[in-house]
Every structure is written in C-alpha cells, then in structure tokens.
Amino acid sequence: MLKPTDLKYDENGLIPAVIQDFYTDEVLMVAYMNQDSLALTIAEKRTCFYSRSRKTLWRKGEESGNIQHVVSVRADCDADALVVKVIKEGPACHTGAESCFFQLLFEDEEQREFSLESLYKMLLDRKQNPKEGSYTSYLYEKGREKILKKVGEESTEVVIAGAKADAKETVFEISDLCYHILVLMAEMDIPLADVRKELAARHVVDKKVKQETMQ
C-alpha cells in the first residue's frame, strides 16, 4: 500500500485529486492536495485540500457544511494523481450544484449516457413542470393512489414473467417496475441517496453476520 510520501508531487508540492461520489461514481470536483492535506484527509476521513490562491489548507465543508466523508483514496499508475471516493453531505460545487461538472460542451446524441440519476432528475422536472402528453405528468396529476396502483400492477407483471422463465420479458417488466418506483419516490420526495444508504447499511450488516458466523 502506498504512503503519502510515495506519491509524485509537482514542483509546488501538490497533486491533483479527482473527487468522486461513492454511490454513483459521478465526478464531483477536482482540487489539489499536498502531503499535509492528504495526511489529514486520511486521518480524519474527510476531504482536506490545499488552496493555491490562499496558500493554505482548507477542509471541504468547514464553512458550507457540505462535508465529504472519505471512503477510499487511490493513486494512478504514475502516482501523480488521486481519485478520492466520498459520501457527500450536500452539494459539491460552490454554486449549489451537486457536481462542479455541469457545463456541457459536447454530447453524442446517439451514445447519451443513461443513469438512474438522470432519469430521476427528469421525473422531478416533470413533477415541477408538467408537460402535456407526458405519461409521467399524467401519473402525477392522478396522484399517489394511481402511482401505487401502477407499482402493484408492474410488480405482478414481473412475477408472471419470472414464473415463465422468460428473461427478455422479465427485464422488460422489471424496467417498467423500476420506472414506476422512481415516479413514486419523486412524488414522495425520496432521494436516490436514501435508498442507497439503506442498501449499504444492510450490506454492512450482512458482512458482520458473515464474520460472526466464521468465528
């Protein structure tokens, strides 16, 4: 395992650090660290950077409260750049955006990246800005009872497809179910992060049970 002293810092004693969301792998920001800030980052398990403008260390969230809890720190093959995976409390960007990388320069329309986050954001937008002819807007207009009914119907469809051992149909029905569950979450203002945290907590419990069983 590498130590902070094993890394290759630039002429100013700095190394770039790409901060990445632990749950989504989204790139949140890029900042610089020196040996002292990296040592604090590891010791405190929260990001600490070096400000090139102020020439001093700064802990992310010390003023805004948007703390980043460190899960892992990895160096690249040349040991001259870092990737830091974090669990964040609040937006990463000073503008209030979740990530600093929100200004689009180019996107291939045929290869547009899909993510649950982008779908969830679209569903939230439909909730706030209804669109005529939109099925999502129709569900919101009908209310939670209608949404819950659809979740129930799609759950049954998944069971039927799975019972027939039809993988293609099961994937199709699971996709329908996931969509309607996300609509329900958006309607109830339940963020994706809450579900991830719940699943992660269960995963930790499972590992503890496994360790206890092996002892």
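The structure under discussion appears in the preceding block.
Read on for a plain summary of the structure. Residue positions are given per chain, counted from 1 along the sequence in the order it is written. It should be noted that, the model being predicted, local features are given only for residues of pLDDT at least 70 and side-chain atom pairs only at 80 or more, the latter also being counted only at that level, while totals for whole chains, interfaces and linings use all residues. To obtain the side-chain values, all non-hydrogen atoms of the structure were included, while hydrogens and water were left out.

**Observations regarding the overall build of the chain**
Part 1 of the reasoning: Think of it this way: any DSSP run of H or I at least four residues long counts as a helix, any run of E at least two long counts as a strand, and we number them from the N terminus. The secondary structure content of the chain amounts to six helices and six strands.
Part 2 of the reasoning: In the chain, the succession of α and β elements from N to C terminus is β-β-α-β-β-β-β-α-α-α-α-α.
Part 3 of the reasoning: Against the 2.2 N^0.38 benchmark of 17 Å for 215 residues, the chain shows a C-alpha radius of gyration of 22 Å, more extended than a compact globule.
Part 4 of the reasoning: Dimensions of the chain, computed from the C-alpha atoms along their principal axes, are close to 60 × 55 × 35 Å.
Part 5 of the reasoning: Exposed residues in this analysis have more than 50% of their type's maximum accessible area, buried residues have under 20%, and partly exposed residues fall in between, with area computed by a 1.4 Å probe over protein chains only. The 215 residues of the chain split such that 31% are buried.
Part 6 of the reasoning: For this analysis, residues touch if any pair of their heavy atoms sits within 4.5 Å. Here the contacts in the chain between residues at least 6 apart in sequence split such that 46% fall between residues at least 24 apart.
Part 7 of the reasoning: His is not counted, nor are the chain ends; Lys and Arg add positive charge and Asp and Glu add negative charge. Here the site of a charge means NZ on Lys, CZ on Arg, CG on Asp, or CD on Glu. Averaging the coordinates of the 30 positive side-chain charges in the chain and doing the same for the 38 negative ones gives two points 4 Å apart. Just to be clear, the radius of gyration here is over C-alpha atoms, and the globule rule we use is 2.2 Å times residues to the power 0.38.

**Re the pairing of strand β6 (residues 82-88)**
Part 1 of the reasoning: Side chains L82, V84, V86 and K88 project from β6 onto a buried face, and the interleaved V83, K85 and I87 project onto a face without burial.
Part 2 of the reasoning: For strand β1 (residues 15-21) and β6, the ladder comprises five bridges, and the chain directions are parallel. Residue pairing in the sheet places A17 in a bridge with L82 of β6.
Part 3 of the reasoning: Sheet topology places strand β5 (residues 68-75) next to β6; seven bridges connect them, and they run antiparallel. Bridge pairing in β6 links V70 to V86. For two strands to pair, DSSP has to find at least two bridges joining them.

**Side note on the sheet that holds strand β2 (residues 27-33)**
Part 1 of the reasoning: As summarised here, the arrangement of the four strands in space is β2-β1-β6-β5, forming an open sheet in which the pairing is mixed. In this open sheet, the two edge strands, each paired with only one partner strand, are β2 and β5. Adjacent strand axes in the sheet meet at a mean angle of 25° when their direction is disregarded.
Part 2 of the reasoning: An axis is simply a line fitted to the C-alpha atoms; with a helix, the fit covers only the stretch in contact. Between two such axes, the angle follows the N-to-C directions and lies from 0 to 180 degrees. Running over the sheet, helix α1 (residues 35-44) touches β2, β5 and β6 and is turned about 130° from β2.

**So, the packing of aromatic side chains**
Part 1 of the reasoning: Stacked, tilted and edge-to-face pairs are distinguished by plane angle, under 30 degrees for stacked and over 60 for edge-to-face with tilted covering the rest, among Phe, Tyr and Trp rings (Trp via its six-membered ring) whose centres lie within 6.5 Å. Enumeration over the complete set of coordinates arrives at four aromatic pairs.
Part 2 of the reasoning: Ring centres of F49 and W58 lie 5.1 Å apart, and the angle between their planes is 50°; on these two criteria the pair is classed as tilted.
Part 3 of the reasoning: Three or more aromatic residues link up through ring pairs in this structure, and these residues are Y135, Y138 and Y179.

**Examining the pattern of salt bridges**
Part 1 of the reasoning: Put simply, a salt bridge is a Lys or Arg side-chain nitrogen that is within 4 Å of an Asp or Glu carboxyl oxygen. Counted by the stated rule, this structure contains ten salt bridges.
Part 2 of the reasoning: Its salt-bridge partner being D25, residue K85 comes within 2.9 Å of it at the nearest N-O pair. Remark: D25 occurs in the loop between β1 and β2 and K85 occurs in strand β6; sequence separation between them is 60 residues.
Part 3 of the reasoning: By relative accessible area, which is 22% here, K85 ends up partly exposed.

**Let's talk about the packing of helix α2 (residues 116-128) against helix α3 (residues 135-142)**
Part 1 of the reasoning: Direction vectors running N to C along α2 and α3 enclose 55°, while the axes themselves pass 9 Å from each other. Regarding the angle of α2 to α3, the classification is oblique. In terms of crossing hand, the pair formed by α2 and α3 is right-handed. Along the contact surface, α2 presents L123, L124, R126 and K127, while α3 presents T136, S137 and Y140.
Part 2 of the reasoning: A breakdown of the residues in the contact of α2 with α3 according to their chemical character gives three nonpolar, two polar and two charged. Should an angle fall under 35 degrees it is taken as roughly parallel, and over 145 as roughly antiparallel, whereas 65 to 115 is taken as roughly perpendicular and any remaining angle as oblique. Handedness of each helix crossing follows the sense of rotation of the near helix against the far helix: counterclockwise by less than a right angle gives left-handed, clockwise gives right-handed. Gly is placed with the polar residues, together with every amino acid not listed as nonpolar (Ala, Val, Leu, Ile, Met, Phe, Trp, Tyr, Cys and Pro) or charged (Asp, Glu, Lys and Arg).

**Concerning helix α5 (residues 167-187)**
Part 1 of the reasoning: A helix's residues, less one, multiplied by 1.5 Å, set its expected span. Across its 21 residues, α5 extends 30 Å between first and last C-alpha, which sits within 8% of the 30 Å expected from 1.5 Å per residue.
Part 2 of the reasoning: Buried within α5 we find T170, E173, L177, Y179, H180, L182, V183, L184, M185, A186 and E187.
Part 3 of the reasoning: Near the N-terminus of α5, the side chain that reaches the backbone nitrogen of K168, with its oxygen 3.3 Å away, is that of D166.
Part 4 of the reasoning: Following α5 by one or two positions, D189 adopts a phi angle in the positive range, close to 60°. Side-chain atoms alone can form a polar contact between residues adjacent in sequence; in general such a contact is a pair of N or O atoms within 3.5 Å, and within protein one must be able to donate a hydrogen while the other accepts it.

Geometric values such as these leave the question of function open.
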